[in-house]
Amino acid sequence: MMSRRLEVGMARILGIGGYVPDKVMTNDDWAAIVDTTDEWITTRTGIKERRFAAEDESTLDLCVHAAERALADAGLAATDVGEIIVATDTPEVYMPDTASFLQHRLGCDTVPAYDLGGSGCAGFVQALDIARSRIAFADRKVLVIGVELISRLISWQERETCVLFGDGAGAVVLGSGAGQAELLDVVAGTDGSKTDILTLVAGGTRMPFTIETARSGAHQHLEMNGREVFKQAVHRMSGGVDDVLSRIGRTIDDVALVIPHQANKRIIDAVAKKAGIELDRVFVNVQSFGNTGSASVPLGLWQAREANRIAEGDLVVLTAFGAGFHWAAAALQF
Ligand code: UT7
């Protein structure tokens, strides 16, 4: 019987794109709506402002902008895409998934397209892991997007959560041909014992939408134990960096840039400290965009590349953590 060898490591990043909406929401804007201050938000999170989608923009629009930029960066047409994965917790509609809408809007023919939903802020890096196996087995170009339009789905009354988030999208095209960076390896994990620490319950079968859940605001209520999420995020994101580096036989000293999930500057500082890397080799944009969920890592990658923070020959590590709890880290050789 013929067996097909899995060429691990053959996936390359061919193009990178990102998009954030124009509308800026500052900490002072939030202070006019909920009982908070610029001082509290800045000292506890490092966030100064975030971007919010315009009323006529939807999750799909954010995806399209980021995808078109990634395709242009790769020098590819939509018809070259062989598979689409969209990581999001804030989809276009409840069903079908955002990837179906995106496939049609971009004009990608009838290629497989699916969402990785509910994976929290780790979704994009998890999707890289899936994409590389699709490339190894099916040798196609995979468009991977991380996107969130959180501002429209979260409560604007709950100061514990509303001030943390922002909207945006990031995209990469991966394939086996010549590209900008080789995806050397990805590590990923899930601890399903902590599903109650960061969760949005309403809308599922456990609590279907009713007039009562809508009136109580349950459909917009993000249940979150901030301190526990903080601790786990530091532990898992720094652990992800260590694990992926040990799998490729490199150390933190070899790394030119770490691009962590942007949830909180204090989390990023703690991850850098635990991973043993100085902050000048860590990418930070949380001050401008807040926590953009699964968009945060690809947006960071896009911005870092645009700002010439990445040069040819650089080893770059992505690390993410989110509800689930899920975590994932990836090593890229530019
Ligand atoms: O990507 C996953 C999404 N979630 C996260 O990443 C969250 C991770 N956790 C964090 O970033 C931090 O835990 C927070 C920024 C959410 C909170 O910071 P903290 O230093 O852990 O504060 P805390 O939860 O211990 O709350 C301190 C106080 C509380 O008041 P009392 O009980 O001390 O009187 C809160 O009620 O701050 C209060 N508080 C606020 N005050 C002003 C909570 N939110 C706000 C607010 N403005 N927006």
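Residues numbered from 1 in each chain as written. Predicted model: local features only at pLDDT ≥ 70, side-chain atom pairs only at ≥ 80, totals over all residues. Heavy atoms only, no water.

**Focus: the state of the cysteines**
Thinking step 1. For the coordinates displayed, the defined rule picks out zero disulfides.
Thinking step 2. Summary of cysteine pairing: Cys-63 is not part of a disulfide, and the nearest cysteine sulfur, belonging to Cys-108, is at 12 Å.
Thinking step 3. Residue classification places Cys-108 among the buried residues on the basis of a relative accessible area of 0%. (Disulfide = S-S within 2.5 Å. Buried < 20%, exposed > 50% of the residue type's maximum accessible area, 1.4 Å probe, protein only.)

**Here we look at the packing of helix H8 (residues 226–247) against helix H9 (residues 265–275)**
Thinking step 1. Two elements in contact, H8 and H9, have axes separated by 9 Å at closest approach and are oriented at 40°. Of the possible angle classes, the one that applies to H8 and H9 is oblique. Remark: the crossing between H8 and H9 carries right-handed chirality. Residue-level inspection shows Phe-230, Ala-233, Val-234, His-235, Met-237, Ser-238, Val-241 and Asp-242 of H8 in contact with H9, the latter providing Arg-266, Ile-267, Ala-270, Val-271, Lys-274 and Ala-275.
Thinking step 2. Its residues assigned to classes, the contact of H8 with H9 comprises nine nonpolar, two polar and three charged. (Axes fitted to C-alpha atoms, helices over the stretch in contact; angles between N-to-C directions. Helix = DSSP H or I, 4+ residues; strand = E, 2+ residues; numbered from the N terminus. Parallel < 35°, antiparallel > 145°, perpendicular 65-115°, else oblique. Left-handed = near helix turned anticlockwise from the far one by under 90°. Contact = heavy atoms within 4.5 Å. Nonpolar A, V, L, I, M, F, W, Y, C, P; charged D, E, K, R; others polar.)

**Points about the domain arrangement of the chain**
Thinking step 1. As assigned here, the chain comprises domain 1 (12–180) and domain 2 (184–333).
Thinking step 2. Between the C-alpha centres of domain 1 and domain 2 the distance comes to 14 Å.
Thinking step 3. Facing 53 residues of domain 1, the contacting portion of domain 2 comprises 45 residues.
Thinking step 4. On the domain 1 side of the interface with domain 2, the three residues burying the most area are Ile-16, Cys-121 and Val-125, jointly 17% of the side's total.
Thinking step 5. At the junction of domain 1 with domain 2, the criterion picks out two salt bridges.
Thinking step 6. For Arg-132, the salt bridge goes to Asp-185, with nearest N and O atoms at 3.1 Å.
Thinking step 7. For the pair domain 1 and domain 2, the number of links is 18 residue pairs in polar contact (both at pLDDT 80 or more).
Thinking step 8. Considering every element that reaches the side of domain 1 that touches domain 2, the biggest residue donor is helix H5 (residues 123–138), with seven residues.
Thinking step 9. Taken together, the residues of the side of domain 1 that touches domain 2 sort by class into 21 nonpolar, 18 polar and 14 charged. (Domains from an automatic or database assignment. Buried area = accessible area lost by both parts, 1.4 Å probe. Salt bridge = Lys/Arg side-chain N within 4 Å of Asp/Glu carboxyl O. Polar contact = N/O pair within 3.5 Å; in protein donor to acceptor, adjacent residues only side chain to side chain.)

**Looking at the side chain of Thr-292**
Thinking step 1. Its location among the elements puts Thr-292 in the loop between helix H10 (286–289) and helix H11 (296–306).
Thinking step 2. Residue Thr-292 is classed as buried on the basis of its relative accessible area, which comes to 1%.
Thinking step 3. Among the polar contacts made by the side chain of Thr-292, one reaches the main-chain amide nitrogen of Ser-296 at a distance of 3.1 Å.
Thinking step 4. When near neighbours in sequence (up to four residues on either side) are disregarded, Thr-292 contacts Glu-148, Ile-150, Gly-166, Asp-167, Gly-168, Gln-262 and Leu-299.

**What about the environment of Leu-198?**
Thinking step 1. Positionally, Leu-198 belongs in strand S9 (residues 198–199).
Thinking step 2. Counting along the chain gives 121 residues from Leu-198 to Ala-77, while the straight-line C-alpha distance between them is 38 Å.

**Things to note about helix H3 (residues 59–74)**
Thinking step 1. Its 16 residues place the ends of H3 23 Å apart at the C-alpha level, agreeing with the 22 Å of an ideal helix rising 1.5 Å per residue.
Thinking step 2. Buried within H3 are the following residues: Thr-59, Leu-60, Asp-61, Leu-62, Cys-63, Val-64, Ala-66, Ala-67, Ala-70 and Leu-71.
Thinking step 3. Residues of H3 that are buried sit in contact with strand S1 (12–19), strand S4 (83–88), helix H4 (98–106), strand S6 (142–148) and strand S7 (168–175).
Thinking step 4. Downstream of H3 by a residue or two, Gly-75 has a phi angle that is positive, lying close to 70°. (Expected span 1.5 Å × (residues − 1).)

**Notes on the site of the ligand**
Thinking step 1. Of all residues adjacent to the ligand, which total 21 residues, the nearest are Thr-36, Arg-44, Arg-227, Asn-264 and Asn-291.
Thinking step 2. Trp-40 places a polar side-chain atom, nitrogen or oxygen, 3.2 Å from an oxygen atom of the ligand.
Thinking step 3. For the ligand, an oxygen atom lies 2.7 Å from a polar atom in the side chain of Arg-227.
Thinking step 4. Protein burial of the ligand: of its 950 Å² of free accessible surface, 75% is covered by the chains.
Thinking step 5. Every element with two or more residues in the shell around the ligand is listed here: helix H2 (38–45), helix H6 (159–162), H8 and H9.
Thinking step 6. Take the shell around the ligand: its biggest share by element is four residues, from H8. (Near = heavy atom within 4 Å. Areas by Shrake-Rupley, 256 points an atom, 1.4 Å probe, with all protein chains shown as cover.)

**Brief notes about the confidence of the model for the chain**
Thinking step 1. When pLDDT is averaged along the chain, the result is 96; 97% of the residues meet or exceed 70.
Thinking step 2. Contacts for the low-pLDDT stretch residues 1–7, under 50 throughout, to residues beyond four places or in other chains number six contacts. (pLDDT = per-residue confidence, 0-100.)

**Quick look at the pairing of strand S13 (residues 326–333)**
Thinking step 1. Among the eight residues that make up S13, seven are buried, leaving the element largely enclosed by the rest of the structure.
Thinking step 2. In terms of strand pairing, strand S8 (residues 181–190) meets S13 through eight bridges, oriented antiparallel. Looking at the pairing, Ala-188 lines up with Ala-328 of S13.
Thinking step 3. Between the antiparallel neighbours strand S12 (residues 315–322) and S13 lie three residues, among them Gly-324 with a positive phi of about 145°. (Pairing = 2+ DSSP bridges.)

**Overview of the packing of aromatic side chains**
Thinking step 1. Per the counting criterion, the structure on display carries four aromatic pairs.
Thinking step 2. Here Phe-52 and Trp-156 contribute two aromatic rings whose centre-to-centre distance is 5.5 Å and whose plane-to-plane angle is 55°, an arrangement assigned as tilted. Of this pair, Phe-52 sits in strand S3 (residues 49–52) while Trp-156 sits in the loop between S6 and H6, and the two are 104 residues apart along the sequence.
Thinking step 3. A relative accessible area of 3% places Phe-52 in the buried class. (Phe/Tyr/Trp six-rings, centres within 6.5 Å; stacked < 30°, edge-to-face > 60°.)

**Focus on the side chain of Glu-57**
Thinking step 1. Within the fold, Glu-57 resides in the loop between S3 and H3.
Thinking step 2. Of the side chains bearing the opposite charge, Arg-152 lies closest to the buried Glu-57, which forms no salt bridge; the N-O distance is 6.4 Å.
Thinking step 3. A polar contact is formed between the side chain of Glu-57 and the side chain of Tyr-19, at a distance of 2.5 Å.
Thinking step 4. Engagement of the side chain of Glu-57 in a polar contact is seen with the backbone nitrogen of Ala-54, the distance being 2.9 Å. (Lys, Arg positive; Asp, Glu negative; His and termini not counted.)

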